[in-house]
Amino acid sequence: MKIAVAGAGIAGSSAAWQLAAQGHQVTLFEQAPQCGPVGAGILLQPSGQAVLAELGILSPLLKKSAQIRSLHAKHRHGGTLIHLRYDNVPGELHAMGVLRSEIFALLYGKCQSQGVDVREGHTIANYRQDDSQVRVWNTDDECVGDYELLVAADGSRSRLRHASGLTRCVREYPDAALWTVGPYSGPQDCLLQIVGRDGRLIGMLPVGDGKCSFFWGLKKSDEPRTRSAGVEAWKREVAAFYPDAEEPVAHIQSLEEVTYATYRNASMRRVRDGRVVFIGDAAHATSPHLGQGLNLALEDAFCLAQQLAAHPDLSVSLPTYEQNRAPINRFYSTLTGTLTPFFQTSSRLLQFGRDLALPLMPNLPYIGRQMVYTMAGLKTGWLGVRRPPPTQ
């Protein structure tokens, strides 16, 4: 088939090269002037690892990442909020802390080697279709081509999701974050998060080579004040909040070096519309607090490619893709949307409930295991769990 993929992020680039490898003629449209990664480090969970292992491309990341054995969230002034260990369930599971740039380079390199036609500086904003083709339009209302299939992977702010009329809801959160990568001499096998009573949440995710991806949570309303105060004031604020966090930000010379990200939760009534299918954040955007966005995107792209290989007829492959992915994506989208308000809250009431329940839950035999399976990306719904992938 002649296939258009909108968006060269993790979902789009992953789908593009797999479909090209099957012999399809694939064009990958990217709105940025130049394709590249956005963000700092990310958690590659066992679910995402299983996809890359199945595709035969996990090995290059093993030496460029850190093995994460646990998540430890602590209160700023002491005391554990939650401590989840992957070895609390069978299978010798672990996550991988990896730079987003490493994963992007791996997937984008596969696009190039498979002959994907990459068109940078092209924002796909709309589509019109009939029984035989889908016509793709840019932001200037110009037609950029006719295709047999359009894969919408244009991120959490998806223009194509809006154009489809299939959006169920989009919820904008007041929370945001500053991200950077810096030196880190702390524990290299633990994602450490520090929670403050003012709603502040910071995180340090080891990504290998003695570095970590540093996360500084703030409210959207605080971002102008932070920038106007300048980088040195921000670094002093970080050090005052948690002294060990001074190390990964000490090298920053300007806040222009730091990535700013906002959060939203978006869902669709369905993720297919004739010859158009939605994957990744375009289909189910969530906040990063459960660390599942990358992994769900990889699974979406893999499942879509599998279904298209098995069923060339789109009237079969796209509904089957949706049926296979819907329970998992719905579970993680709903759970993340429910829990996100508790992560960076300044509400004493929400903090009381959070601080009362979270320290106890991992110690409950059944609940504790389910929390680890959720963290690992292995839940198939509220009750189901997939078999853990083989140890790498």
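In case you missed it, the structure is sitting above this.
To keep things clear, this report deals only with the structure shown in the data block. (Residues numbered from 1 in each chain as written. Predicted model: local features only at pLDDT ≥ 70, side-chain atom pairs only at ≥ 80, totals over all residues. Heavy atoms only, no water.)

**Digging into the nonpolar core**
One finds L44, L150, V151, F278 and I279 to be the most contacted residues of the largest nonpolar core, which totals 65 residues. For this core, the element with the highest residue contribution is helix α10 (residues 293-310), accounting for nine residues. Those residues in contact with L44, other than ones at most four positions away along the chain, are Q49, L52, L58, L61, A95, M96, V98, L294, N295 and L298. Judged by nonpolar contacts, the second largest core, of 31 residues, contains V89, V195, V207 and F343. (Core = buried A, V, L, I, M, F, W, Y, C linked by side-chain atoms within 4.5 Å. Buried < 20%, exposed > 50% of the residue type's maximum accessible area, 1.4 Å probe, protein only. Helix = DSSP H or I, 4+ residues; strand = E, 2+ residues; numbered from the N terminus. Contact = heavy atoms within 4.5 Å.)

**Things to note about the packing of α10 against helix α11 (residues 314-343)**
Axis separation between α10 and α11 bottoms out at 9 Å; the angle between their running directions is 160°. Relative to α11, the element α10 is oriented roughly antiparallel. The handedness of the crossing between α10 and α11 is right-handed. Across the interface between the two elements, L296, E299, D300, C303, L304, Q307 and L308 from α10 touch L314, S317, L318, T320, Y321, N324, R325, I328, N329 and Y332 from α11. (Axes fitted to C-alpha atoms, helices over the stretch in contact; angles between N-to-C directions. Parallel < 35°, antiparallel > 145°, perpendicular 65-115°, else oblique. Left-handed = near helix turned anticlockwise from the far one by under 90°.)

**Brief notes about the pattern of salt bridges**
Taken as a whole and assessed by the stated rule, the structure comprises 18 salt bridges. Close ionic contact of R85 with D87 constitutes a salt bridge, the shortest N to O distance being 3.1 Å. On the basis of relative accessibility, which here comes to 34%, the residue R85 falls in the partly exposed class. The residue E299 makes a salt bridge to R386 at a minimum N-O spacing of 2.4 Å. (Salt bridge = Lys/Arg side-chain N within 4 Å of Asp/Glu carboxyl O.)

**Side note on the state of the cysteines**
Counting across every chain of the model gives zero disulfides. Not engaged in a disulfide, the cysteine C190 finds its nearest cysteine sulfur in C212; these two sulfurs lie 12 Å apart. Judged by its relative accessible area of 11%, C190 is buried. The thiol of C303 is unpaired, and the distance to the nearest cysteine sulfur, on C111, comes to 19 Å. We classify C303 as buried; its relative accessible area is 9%. (Disulfide = S-S within 2.5 Å.)

**Some words on helix α2 (residues 46-54)**
Among all positions of α2, only P46, S47, G48, Q49, V51 and L52 are buried. Looking at the packing, one finds that the buried side of α2 touches β3 (41-44), α3 (59-62), β7 (95-99) and α10. Following α2 by one or two positions, G56 adopts a phi angle in the positive range, close to 75°.

**Side note on helix α12 (residues 348-357)**
Working note: α-helix, 3.6 residues per turn, so residues spaced by three or four point in the same direction. Those residues of α12 that sit buried are Q351, R354 and D355. One side of α12 holds all its buried residues, which, seen down the axis, span an arc of 95°. With respect to the buried face of α12, the exposed residues turned more than 90 degrees away are L349, F352 and L356. Looking at the buried side of α12, the elements it contacts are β5 (70-75), β6 (80-85), β14 (190-195) and α11. (Arc of directions from axis to C-beta.)

**Overview of the sheet that holds strand β11 (residues 143-147)**
In space, the three strands of this open sheet follow the order β9-β10-β11, with antiparallel pairing throughout. The sheet is open, and its two edges are formed by β9 (124-129) and β11, each paired on a single side. Recorded for the sheet is a direction-independent mean angle of 25° between the axes of neighbouring strands. As paired strands, β9 and strand β10 (residues 134-138) are joined by five bridges and run antiparallel to one another. Residue pairing for β10: Y127 is matched across the bridge by V136. (Pairing = 2+ DSSP bridges.)

**Overview of the side chain of N265**
In this fold, N265 is placed in strand β17 (residues 259-268). A polar contact of 3.3 Å, which involves the side chain of N265, links it to the backbone oxygen of S333. Setting aside chain neighbours within four positions, we find N265 in contact with C169, V170, R171, Y173, A285, T286, S333 and G337. (Polar contact = N/O pair within 3.5 Å; in protein donor to acceptor, adjacent residues only side chain to side chain.)

**Regarding the sheet that holds strand β4 (residues 65-68)**
As summarised here, the arrangement of the three strands in space is β3-β7-β4, forming an open sheet in which the pairing is antiparallel. The open sheet has two free edges, formed respectively by β3 and β4, since each of these has just one partner strand. Neighbouring strand axes in the sheet, compared pairwise and without regard to direction, differ in orientation by 25° on average. The strands touched by helix α4 (residues 100-113) within the sheet are β3 and β7, with β7 carrying the most contacts at an inclination of about 85°.

**Some remarks on the side chain of T340**
If you trace the backbone, T340 turns up in helix α11. According to the relative accessible area criterion, T340 is buried, its value standing at 0%. A distance of 2.8 Å separates a polar atom in the side chain of T340 from a polar atom in the side chain of S287. For T340, the side chain forms a polar contact with the main-chain oxygen of T336, separated by 2.7 Å.

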